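# Structural overview for review
Chain residues, written in single-letter form:
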Amino acid sequence: MMMNFTLSNQVQIPAVGIGTFMMTPDQAEQAVVDALACGYRMIDTAQAYMNERAVGRGVKRSGVAREDIFISTKIWASQYLTEGTVEKSLELLGTDYIDLMFIHQPAGDFMAGYRKLEKAYKEGKIKAIGISNFQGEKLKKTAGRVRNQTACDPDGSASVLPR
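Quick caveat: nothing in here was measured; it's all calculated off a predicted structure. The numbering scheme is per chain: residues are counted from 1 as the chain's sequence reads. For a predicted model such as this one, the threshold for reporting local features is a pLDDT of at least 70, and the threshold for listing and counting side-chain atom pairs is 80 or more; totals across whole chains, interfaces and linings nevertheless cover every residue. Side-chain metrics rest on all non-hydrogen atoms present in the structure, leaving aside hydrogens and water.

Secondary structure is summarised from DSSP: a helix means a run of H or I of at least four residues, a strand means a run of E of at least two, and numbering begins at the N terminus for each. A count of helices and strands for the protein chain gives five helices and nine strands. Each helix (α) and strand (β) of the protein chain, taken in turn from the N terminus, gives the series β-β-β-α-β-α-β-α-β-α-β-α-β-β. Two residues qualify as a contact provided that any one of their heavy atoms is within 4.5 Å of a heavy atom in the partner residue. In the protein chain, 67% of the contacts between residues at least 6 apart in sequence involve partners at least 24 apart. Note on areas: these come from Shrake-Rupley sampling with a 1.4 Å probe, and a residue is covered only by the protein chains present in the view. Total accessible area computed for the protein chain in this model is approximately 8200 Å², and 55% of it derives from carbon and sulfur atoms.

A word on the packing of aromatic side chains. Pairing of aromatic rings covers Phe, Tyr and Trp, the last through its six-membered ring, and needs centres within 6.5 Å; plane angles under 30 degrees mean stacked, over 60 mean edge-to-face, and all others mean tilted. One pass over the structure, following the stated rule, counts one aromatic pair. Taking the centre distance of 5.2 Å and the plane angle of 55° together, the rings of Phe 21 and Tyr 49 count as tilted. Placement of Phe 21 in the loop between β3 (18-19) and α1 (25-37) and of Tyr 49 in the loop between β4 (42-44) and α2 (52-62) is noted, with a sequence separation of 28 residues between them. Directly above the ring of Tyr 97 sits Arg 66, whose terminal nitrogen or CZ lies 4.0 Å from the centroid. Lysine and arginine charges are scored as sitting over a ring when NZ or CZ, respectively, is within 6 Å of the ring centre and within 35 degrees of the ring normal.

Fitted lines through C-alpha atoms serve as axes, helices being fitted only where they are in contact, and the angles separating the N-to-C directions of these axes extend from 0 to 180 degrees. Following both chains from N to C, one finds α1 and α2 inclined at 35°, their axes separated by 8 Å at the closest point. For the element pair α1 and α2, the recorded crossing hand is right-handed. Every residue of α2 that contacts α1 at Pro 25, Ala 28, Glu 29, Gln 30, Val 32, Val 33 and Leu 36 is listed here: Ala 54, Val 55, Arg 57, Gly 58, Val 59, Arg 61 and Ser 62. Rotating anticlockwise by less than a right angle from the far helix to the near helix defines a left-handed crossing, while the corresponding clockwise rotation defines a right-handed one.

Throughout this description, buried means an accessible area under 20% of the type-specific maximum (1.4 Å probe, protein chains only), exposed means over 50%, and partly exposed covers the range between. Burial of strand β5 (residues 70-75) is extensive: six of the six residues sit out of reach of the surface. Neither face of β5 is left uncovered, since the one carrying Phe 70, Ser 72 and Lys 74 and the one carrying Ile 71, Thr 73 and Ile 75 both have all their residues buried. Following DSSP output, two strands are said to pair if at least two bridges run between them. Pairing of β4 with β5, which is carried by three bridges, proceeds in the parallel orientation. Its bridge partner lying in β5, Met 42 is registered against Phe 70. Think of it like this: strands point away, you trace from the first strand over the helix to the second, and a clockwise trace means the crossover is right-handed. Once you follow β4 into α2 and on to β5, the crossover reads as right-handed. With four bridges connecting them, β5 and strand β6 (residues 100-103) associate as parallel partners. Looking at the pairing, Ile 75 lines up with Ile 103 of β6.

Time to look at the environment of Ala 54. Position of Ala 54 relative to the elements: it lies in helix α2. Separated by 31 residues in sequence, Ala 54 and Met 23 have C-alpha atoms that sit 10.0 Å apart.

Once that is clear, we can look at helix α4 (residues 110-122). Between the first and last residue of a helix there are one fewer steps than residues, each counted as 1.5 Å, and that sum is the expected span. The end-to-end C-alpha distance of α4, which contains 13 residues, comes to 19 Å, matching closely the 18 Å that a straight helix rising 1.5 Å per residue would cover. Looking one or two residues beyond α4, the residue adopting positive phi is Gly 124, at roughly 80°.

As a rule of thumb, non-glycine residues mostly have phi less than zero, and peptide bonds are mostly trans rather than cis. Backbone geometry places Gln 10, a non-glycine residue, at a positive phi of 75°. As for its placement among the helices and strands, Gln 10 is situated in the loop between β1 (4-6) and β2 (12-14). Although it is not a glycine, Met 22 adopts a positive phi angle of roughly 70°. Here Met 22 shows up in the loop between β3 and α1.

Quick look at the structure:
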């Protein structure tokens, strides 16, 4: 049994998972199938990785029930102002909810992206909001809005921010 962490909104996140950065769609799909067969229960992808659809296929092929898998993805900076971006990730992943959706980079109007995630959270489309690659003043800017946020830093460390 793998260890979990509890986010500030009581969502359970596995301590260990597999990431699909730099994987082709075929590689990502097979990696998801293999990881889930080995007992991993967290899968990470991103809009910018161009493999969300493949991750969704891998989840389906695995035979593991969706509710037993923690899926995280990230909204890319070019999509912060795009309507329907969360729904597009849901469609590509083939799921009706995302366990954790991150703001991928503190670039452009990242607060518009953050507001999109807050709306999706309220609508039940995502279960938790995260930020990735944020530091300094930009981290502080989002921390003032924290409800259920986790931060992932470029050095690979992760922390749950207080409410």
